[in-house]
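Okay, here's what each chain looks like letter by letter:
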Amino acid sequence: MAEPGVETRTRSSVITARAAASFDPVGRSVATARAFVRDTLQGWGYADVVDDAVVLTSELVTNAVVHAGTSADVLCLRTEDGVRVEVADRYPEREIPIQGTGLSLGSPDRENGRGLLLCAALASRWGVEYTPTYKQVWFQLDLPQRPVGTRSAGPVMPVALLPVADERVRVAVTQIDRSGSISVWNEDAQHLFGYAAEHVIGKPLTDFAAWPHTPGIGTGIVEALQLSRWEGSYGIRGTDGRVVPVYASHLRVRDTNGEPSTVCLLVRNDERAVIQSPQRVPVTESGENGATDPFEVFIGSPAPDDLDGLLQRTVERARDMLDGDAAFLLLATDDETELEVRATTGLPSARQRFARVPVEAGTGRYGSARMPAVHEDLTAVPGAVPLLNSTGMRSVVTVPLKVEGRLTGSLGVAAESSGRYSNEEALRLQFAADRIALAVESARLGELERLRRGSLSFLVEASDLLAGTLDRDQTLALMAQMTVPTLATWCAVYTIADQASDPYLSYVLHEDEDRIDGLKALLSKIAPPDPVPTPGARVWAAPADAAQRAALLTSKRELGLGSTSPVSSGIGTTRATAAAVGGETVVLPLVARNRVIGMLVLGKPSDDHFRQEILELAEDLSRRAALALDNARLYSERTAISQALQRSLLPPGLPQIPGVEVEVIYRAAGEGNEVGGDFYDLFPIRDGAYGFAIGDVCGTGPEAAAVTGLARHALRLLAREGFGGPAVLERLNAAILDEGARSRFLTLLYGELWPQEDGSAVLKVVCAGHPLPLRLRQDGSVEPAAEPQPLLGVMEDLELYEQMVTLDPGDVLLCVTDGVTERREGTRMMGDDGLIDVLTTCTGLTAGAVASRVLRAVERFAAEPASDDMAILAMRIPEPHRA
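Residues numbered from 1 in each chain as written. Predicted model: local features only at pLDDT ≥ 70, side-chain atom pairs only at ≥ 80, totals over all residues. Heavy atoms only, no water.

Undergrad: Residue-level account of the overall build of the chain, with values.
TA: The number of helices and strands found in the chain is 19 helices and 34 strands. Out of the 883 residues belonging to the chain, those deemed buried represent 48%. The long-range share in the chain, meaning contacts at least 24 apart out of those at least 6 apart in sequence, stands at 62%. Carbon and sulfur atoms form 51% of the exposed surface of the chain, whose accessible area is close to 43000 Å². (Helix = DSSP H or I, 4+ residues; strand = E, 2+ residues; numbered from the N terminus. Buried < 20%, exposed > 50% of the residue type's maximum accessible area, 1.4 Å probe, protein only. Contact = heavy atoms within 4.5 Å. Areas by Shrake-Rupley, 256 points an atom, 1.4 Å probe, with all protein chains shown as cover.)

See below:
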């Protein structure tokens, strides 16, 4: 048995190139295989046999991946006089009937066997080979015999009918490397677009190309550069910010090291004949035109797969068919009241896509796009075809595209001279429009469906992102980043603090970061849009007008002061900004809770417009963004209020106590909390006397914080009124009980401290249900410094007493809340014993070091975050300095 892909017959031609690919057993693999063969053969320059090869490959791969249910291996072999394509599957048991065996190949009306019938009809040679693991069908297509040196030719034409070109035709040659960056830029490219080679080499082509492509639909520039061959129209942004319409021919090549790159030839769009490939008209073997589909005759075969490509091919064919200078195609909106520009050729700007004109522009036959119209001289009826205003076109013929009697679009061809078209040309163009209308509508519906699916996915992702933050600044940034460049080239967000405030420019973003500052400066100088609550997008002309005025003023200064003028450094920025905002600008209100809280402004570059589907998507996004922005505002306001109230529950600062070191560490449980149920205080009572307290209110949150505030302020007030410790706590207990249902029980350690002249300190302490204070002596011993007494907020009649403690130099008094002693790791708890063990290691440390060591011990005791508030108060009597 022969190995797959190896010719067993003797072949006279030498194989000069090969390409192979494998395709999974799924339906979409058939289309992928067709594209692989088409691109491969076009890259080899075998356009004459592309159509037949694609048809045969499609049938054979369908047999493999659909009927046989296995993967398909496709191998293309190039020879000097033709091409051989081999399709193998992994189902050798499924035999194929061969001619001469008495078995029928099949019927053209049946799926089974049709591929072999086509091979027999189209291929120069074909055959079937089997191995134990493969079944392979191959076919050979020979190139048609042509005169030596001739690929295509046209008739001799009078000079007056030849295409018009400049005195010197310039062909820009640029080469794009694997990463999409420019590596070659010739002198003609510099002349056409204004950039010197050193300014563009190394930069991505996407920085300069104005690609006529809707994201997510059709072929983009990155995909086009990966194809073996591509030809069509797009634009290049010049140094002045305007787009130069060009016709381009791309060829994918590789160097001797195997490194791929793409060579691009570009000419002005009206000089496309210099590099445009001639249309190949299929003929039968007898040389006579066969019976072909009128649609394929007009569009060419194969027809573009995407809507943008189909529309662009349509306007180009329509212009060529009527020998016009320009052509355009507009698609109707769903309500058939407006027409949206979707493809143009030969017009001054290729960026008028998605501009809108009304279907009914006036009365009579010439005022409606629903009927064919011929205008012999547009100067006699100015504004009859708004798209052609100021384009230099004099005569035009337009015809409607209709499907089942419904207007779906309009196709027009225009010329620079008057009187070029009559009813005869209108009939020819209408005939062509009728042939393509259904295909265009089908492609448009497919695009809309893909766009809607993409829109739903976009909105879901946007909603998730917006819901993931409550930070106002981050919400503003997300709004801008989601719209640029997906929906617009640039955007700005205005916010309104309240009904009495003016809109404020809060955020600006452009797809080109170098233009953000210029755009922000421009918008800052003009009045913001009116905060109108009416839903939907409305056009805002102020940015474009202001940018044009600034560019004009800058140009005048340049002419008057010369290139050495101090203002010349800003000329490029001003012009770039004018080009950036020179297209359509729309404003969408940000409405939340029946109030306008801001505006979302979206903009396009010069002469560009928004399509209706994008505006509808932007409107839906603006509603979600407005709610997210308002939620972020409310959260920020409430957080600020909460933090201000929480900070009021803690002492503003700690007093300096002569002869005593003091350190406090406080940790509130819960995200965003600064204070909870635990609290501390240290304050002067009178000269030489200081009060200190550390307490724990039952629970956490606002209710606990309310009791915290009551306790801290009551302690200060009562102590300064001269009450002793027991009296202070008894009155505080009564105040807590007076709160009724809102009351919380409270554990509290309260004491008064008097520094002594001998360097010691005397303390009077009352411990009401609180963890006992611990005294660390210089010898390392630890003992409780008070006895336990009843907590506050439970019983009305309390009999509390105070205890006196003297701290000698070097002694430390440690006071903590139960967030320290009740720290848990599973069933283990730190407890009083654990705290004593830590404190015994703190001999000789400062008060700050003691508090820090206790905190580290608590944090290391358990891996989980603390679930309870925690306060640590350490006081130390320093030892006297020795000489």
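Having seen the structure, we can now continue with the description.
Undergrad: Quick rundown of a nonpolar patch on the surface? Include the residues and the values.
TA: On the surface, a nonpolar cluster with roughly 270 Å² of combined accessible area is contributed by Phe745, Val794 and Met795. Take Met795: it is sitting in the loop between strand S29 (782-784) and strand S30 (803-807). Met795 sits in the partly exposed class, given a relative accessible area of 40%. (Patch = residues over 30% accessible without salt bridge, like charges linked within 9 Å, V, L, I, M, F, W, Y side chains within 5 Å. Salt bridge = Lys/Arg side-chain N within 4 Å of Asp/Glu carboxyl O.)

Undergrad: So, the sheet that holds strand S1 (residues 17-23): which residues are in play, and what are the values?
TA: The strands that make up a sheet are held in pairs by hydrogen bonds between backbone atoms, and each pair lies either parallel or antiparallel. One open sheet holds the five strands; their spatial order is S1-S2-S3-S5-S4, and the pairing between them is antiparallel. In the strand order of this sheet, the two ends are held by S1 and strand S4 (125-130), each with one partner. Neighbouring strand axes in the sheet, compared pairwise and without regard to direction, differ in orientation by 15° on average. In terms of strand pairing, S1 meets strand S2 (residues 72-78) through seven bridges, oriented antiparallel. Among the inter-strand pairings, Ser22 is bridged to a residue of S2, identified as Asp73. Sitting on the sheet, helix H1 (residues 28-43) touches S1, S2 and strand S3 (82-89), and the angle it makes with S1 is about 170°. (Pairing = 2+ DSSP bridges. Axes fitted to C-alpha atoms, helices over the stretch in contact; angles between N-to-C directions.)

Undergrad: Break down the packing of aromatic side chains for me, with residues and values.
TA: For the structure shown, the criterion picks out six aromatic pairs. A ring pair is formed by Tyr195 and Phe208, whose centres lie 5.0 Å apart and whose planes are at 65°; its orientation type is edge-to-face. With a gap of 13 residues between them, Tyr195 in the loop between helix H4 (187-193) and helix H5 (197-200) and Phe208 in the loop between H5 and strand S8 (209-210) connect regions that are remote in the sequence. Tyr195 sits in the buried class, given a relative accessible area of 14%. In this arrangement the basic side chain of Arg435 is found over the ring face of Phe431, its NZ or CZ atom lying 4.5 Å from the centre. (Phe/Tyr/Trp six-rings, centres within 6.5 Å; stacked < 30°, edge-to-face > 60°. Lys NZ or Arg CZ within 6 Å of the ring centre and 35° of its normal.)

Undergrad: Can you tell me about the packing of H1 against helix H2 (residues 50-68), naming the residues and giving the values?
TA: Helix-helix packing: each pair is described by the crossing angle between the helix axes and the interaxial distance. Direction vectors running N to C along H1 and H2 enclose 150°, while the axes themselves pass 9 Å from each other. Taken as axis vectors, H1 and H2 run roughly antiparallel relative to one another. In this structure, H1 meets H2 at a crossing whose hand is right-handed. When H1 is examined against H2, the residues Ser29, Val30, Ala33, Arg34, Val37, Arg38, Leu41 and Gln42 are found in contact with a partner set consisting of Val50, Ala53, Val54, Thr57, Ser58, Val61, Thr62 and Val65. Each residue belonging to the contact of H1 with H2 can be placed in one class, and the counts come to nine nonpolar, five polar and two charged. (Parallel < 35°, antiparallel > 145°, perpendicular 65-115°, else oblique. Left-handed = near helix turned anticlockwise from the far one by under 90°. Nonpolar A, V, L, I, M, F, W, Y, C, P; charged D, E, K, R; others polar.)

Undergrad: Explain the pairing of S4 to me, using residue names and the numbers behind them.
TA: Pairing geometry for S4 and strand S5 (residues 135-142), over six bridges, is antiparallel. Counterpart to Glu129 in the pairing with S5 is Gln136.

Undergrad: Residue-level account of a negative patch on the surface, with values.
TA: A cluster of acidic side chains, namely Glu730, Asp738, Glu796, Asp797 and Glu799, defines a negative patch on the protein surface. Structurally, Glu796 can be placed in the loop between S29 and S30. Under the relative-accessibility criterion, Glu796 is labelled exposed at 69%. (Lys, Arg positive; Asp, Glu negative; His and termini not counted. Charge placed at Lys NZ, Arg CZ, Asp CG, Glu CD.)

Undergrad: I'd like a description of the nonpolar core, backed by residues and values.
TA: Membership of the largest hydrophobic core comes to 51 residues, with the highest contact counts inside it found for Ala492, Tyr494, Leu523, Leu590 and Leu602. Each residue touching Leu590, except ones within four places of it in the same chain, is listed here: Met479, Val493, Tyr494, Arg595, Val596, Ile597, Gly598, Met599, Leu600, Ser622, Ala626 and Leu629. Counting 33 residues, the second-largest nonpolar core is a separate cluster that includes Ala19, Leu41, Ala53 and Val83. (Core = buried A, V, L, I, M, F, W, Y, C linked by side-chain atoms within 4.5 Å.)

Undergrad: Could you give an account of the sheet that holds strand S13 (residues 338-345), with specific residues and numbers?
TA: Read from one edge to the other, the open sheet built from six strands follows the order S14-S13-S12-S17-S16-S15, with strand pairing classed as antiparallel. In this open sheet, the two edge strands, each paired with only one partner strand, are strand S14 (356-358) and strand S15 (373-375). Averaged over all adjacent pairs, the angle separating strand axes in this sheet is 25°, with direction ignored. Here strand S12 (residues 326-332) pairs with S13 via six bridges, running antiparallel. Within the sheet, the bridge partner assigned to Leu329 lies in S13 and is Ala343. Together, S12, S13 and strand S17 (406-415) form the strand contacts of helix H8 (residues 307-321), whose direction differs from that of S13 by roughly 70°.

Function cannot be read off these values alone, since they describe shape.
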